[in-house]
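As a plain string of letters, each chain reads:
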Amino acid sequence: ALEAFAAGLGPQCGPANLDLCDDAKKAQIEEFMALALAKREEMIKAKESEIAALEEGFKTMLEALQKSYSDANEKKDKDVEALKASGLGLLKSVNAHVKKTGSSEL
């Protein structure tokens, strides 16, 4: 991971370093350079809006997932408590007594 990070340091492909770009990136840079400033800014704003929408969609999905987890955990806790309250402790006590004494007589 550190090597991958270190490999990304230093000059990178861009308008100031075209010699570091492959042909596809060079063509894309030339295409963007040919656009008017207002058009580039409009495109940047549109793509940033798309990212914001994706982030918001993810946040909404995550909140729903957290609520679903919380609800399921709460239900599980109530169900476990109900099982314990239905005599589980007493059942275990009787079982341990019978194992210890070897008799199921009272």
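Residues numbered from 1 in each chain as written. Predicted model: local features only at pLDDT ≥ 70, side-chain atom pairs only at ≥ 80, totals over all residues. Heavy atoms only, no water.

Trainee: Tell me about the state of the cysteines, residues and numbers included.
Mentor: Applying the stated criterion across every chain yields a total of 1 disulfide. With a sulfur-sulfur separation of 2.0 Å, cysteine 13 is cross-linked through a disulfide to cysteine 21. Where cysteine 13 bonds to cysteine 21 through sulfur, the torsion about that S-S bond is close to 105°, and the disulfide is right-handed. Judged by relative accessible area, which is 7%, cysteine 21 ranks as buried. (Disulfide = S-S within 2.5 Å. Buried < 20%, exposed > 50% of the residue type's maximum accessible area, 1.4 Å probe, protein only.)

Trainee: Help me get a handle on helix α3 (residues 37–101), residues and values and all.
Mentor: Between its terminal C-alpha atoms α3 stretches 90 Å, which fits the 96 Å expected from 65 residues at 1.5 Å a residue. Where α3 bends most, at alanine 85, the angle is about 55°. (Helix = DSSP H or I, 4+ residues; strand = E, 2+ residues; numbered from the N terminus. Expected span 1.5 Å × (residues − 1). Bend = angle between axes of the 7 residues up to and from the residue.)

Trainee: Tell me about the environment of leucine 20, residues and numbers included.
Mentor: With respect to the secondary-structure elements, leucine 20 resides in the loop between α1 (2–7) and α2 (23–34). Its relative accessible area of 44% is what places leucine 20 among the partly exposed residues. Sequence-distant contacts of leucine 20, defined by excluding residues within four places in its chain, comprise Pro11, Gln12 and Cys13. (Contact = heavy atoms within 4.5 Å.)

Note that every value here comes from positions in space, so none of it alone points to a role or purpose.
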